[in-house]
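Residue strings, one per chain:
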Amino acid sequence: MKIPTLSVVRGCVLITVRGEHVNHLINVLAESGIPVWDIRPTSDHTADMKLLLRDFHALRPLLKRTGCRMHVSRRIGLPFRIVSLYKRKFFAIGIIMFFIMLFLLSSLVWNINVVGNEKLASEDVLKVARQAGIRPFQWIFRLDEPDKLSRELSMKLPGTSWVGVERKGTTITIQIVEAAEPEKKPLVSPRHLISRTDAVVTSIYAEQGRPLVEKNTRVKKGQVLISGILGDGAANSEIVVAKGEVKGLVWHEYNLQVPLVQKRKVYTGERKNKSYLVLGNRAIQLWGYGKELFAKSETLTEHDPLTWRSISLPIGWMTEKVMEVAETQETLQPEEAKKLGIQSAVRDILAKYGSDSQIINQKILHEKKENGKVYMKVLFEVEEKIAEELPLVHSQGE
């Protein structure tokens, strides 16, 4: 037979009928206008079938007439779900309260972002926004229209040409367009460029000022490289800001010690996951309880906020992956240890004197192996920038 409309909503039951006249019972049901469907014979004298909940009581007289017996195998549909929820009142109340809390939490302002500001401090913008009612945990329906809020913030924030207010879900973004101001050139006092260390000059470029040294000249620390005084006398001189670039060969001596046994950290592959339900700024742990059996571990946190139509909701899921960490030991050969120590010194030179510095030459002055370590004294010849500023006054000579 055809399945009745909305049978799941109206409720139906799956019954098992036993008797010698099961076929006669099906014919009687059809004559009485009681719809049955999904009829499946399971043996010569038994069959499974479905009928609506409303017709269940009308079935009993027909069973007596045909000499059959019936057993309810399954209850299907909304009415039975309602009865089940009624028996579990606290669970049903919990579901209702969950959706009420979700609605209330999505009706609050949780995040306020300030973008586009460079000169204006974000704290000042948030202070003015708070006066206009834009603050965390504010009800969204209590806020004014975005256009009205934009005009109010523009009037109270000096140095802005336009302020926009946009709301997406529980996040409000304040877009700042600062007024264009003429660029103020920094006040620079007259100065020399002097050498910050002993070196041999490899190149010199004077953009402004008078160079006093040439290429391949040996200079000492504090010696003037590019003078900020132009002219040949007090009457015919001009004080300027010396600008330029001077590079030179500088020697750096490093005392290095490298252990032959290196300890490294590796992941074993064992891990434990902890899952949290995130509500606003709070996280409620749901799974992953119990003691951690790892002697050493590292934790990786992943946050997956819930979104609805590109709107971020103040609810989400967070997972903490606790990964077991083990330490391994690697024994190096002396040559490998020497190479590792020199690489560490080179990184230190580039970090201190600029990434454009070049290692011209390196020489191991002394080395020894003692107490499980390699000791070295290494001399590096480096080409690097050697100029630094020295302010001067009008009365100062070269």
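Described in the following lines is the structure provided in the data block. The structure displayed is predicted, hence computed values, not measured ones.

## A short note on the pattern of salt bridges
Here comes step 1: Overall, the coordinates contain 15 salt bridges when judged by the stated rule.
Here comes step 2: Glutamate 152 is the partner of lysine 156 in a salt bridge, and the nearest nitrogen-oxygen pair spans 3.3 Å. In this pair, lysine 156 and glutamate 152 are both assigned in helix 7 (residues 146-156), 4 residues apart and thus about one turn of the helix distant.
Here comes step 3: The class of lysine 156 is partly exposed, set by a relative accessible area of 38%.
Here comes step 4: The class for glutamate 152 is partly exposed, based on a relative accessible area of 22%.
Here comes step 5: Here glutamate 367 makes a salt bridge to lysine 338, at a shortest N to O gap of 3.3 Å. Of this pair, glutamate 367 sits in strand 20 (residues 358-370) while lysine 338 sits in helix 8 (residues 334-353), and the two are 29 residues apart along the sequence.
Here comes step 6: Take glutamate 367: its relative accessible area is 40%, and that puts it in the partly exposed class.
Here comes step 7: By relative accessible area, lysine 338 is classed as buried at 12%.
Here comes step 8: Through salt bridges with shared partners, one network takes in Glu245, Asp356 and Lys385.

## Some thoughts on helix 7
Here comes step 1: Leu149, Ser150 and Leu153 are the residues of helix 7 that are buried. For helix 7, the angular spread of the buried residues around the axis is 105 degrees, confining them to a single face. Helix 7 presents Asp147, Arg151 and Met155 as exposed residues on the side facing more than 90 degrees away from its buried surface.
Here comes step 2: Next to the buried residues of helix 7 lie helix 6 (122-131), strand 6 (160-168) and strand 7 (171-178).

Calculation criteria
The residue count restarts for each chain, going from 1 along the sequence in the order it is written. Per-residue local features of the predicted model are confined to residues with pLDDT of at least 70, and side-chain atom pairs are confined, for both listing and counting, to 80 or more; whole-chain, interface and lining totals are unaffected and use all residues. Hydrogen atoms and water are omitted, and side-chain values are computed over all heavy atoms in the structure. Take a side-chain nitrogen of Lys or Arg and a carboxyl oxygen of Asp or Glu: if they are within 4 Å of each other, that pair is a salt bridge. Secondary structure follows DSSP: runs of H or I at least 4 residues long count as helices, runs of E at least 2 residues long count as strands, and numbering of each begins at the N terminus. Throughout this description, buried means an accessible area under 20% of the type-specific maximum (1.4 Å probe, protein chains only), exposed means over 50%, and partly exposed covers the range between. As used here, the arc is the angular range of directions from the helix axis to the C-beta atoms. The contact criterion used is simple: two residues touch if any of their non-hydrogen atoms lie within 4.5 Å.

Keep in mind these values describe shape, not function.
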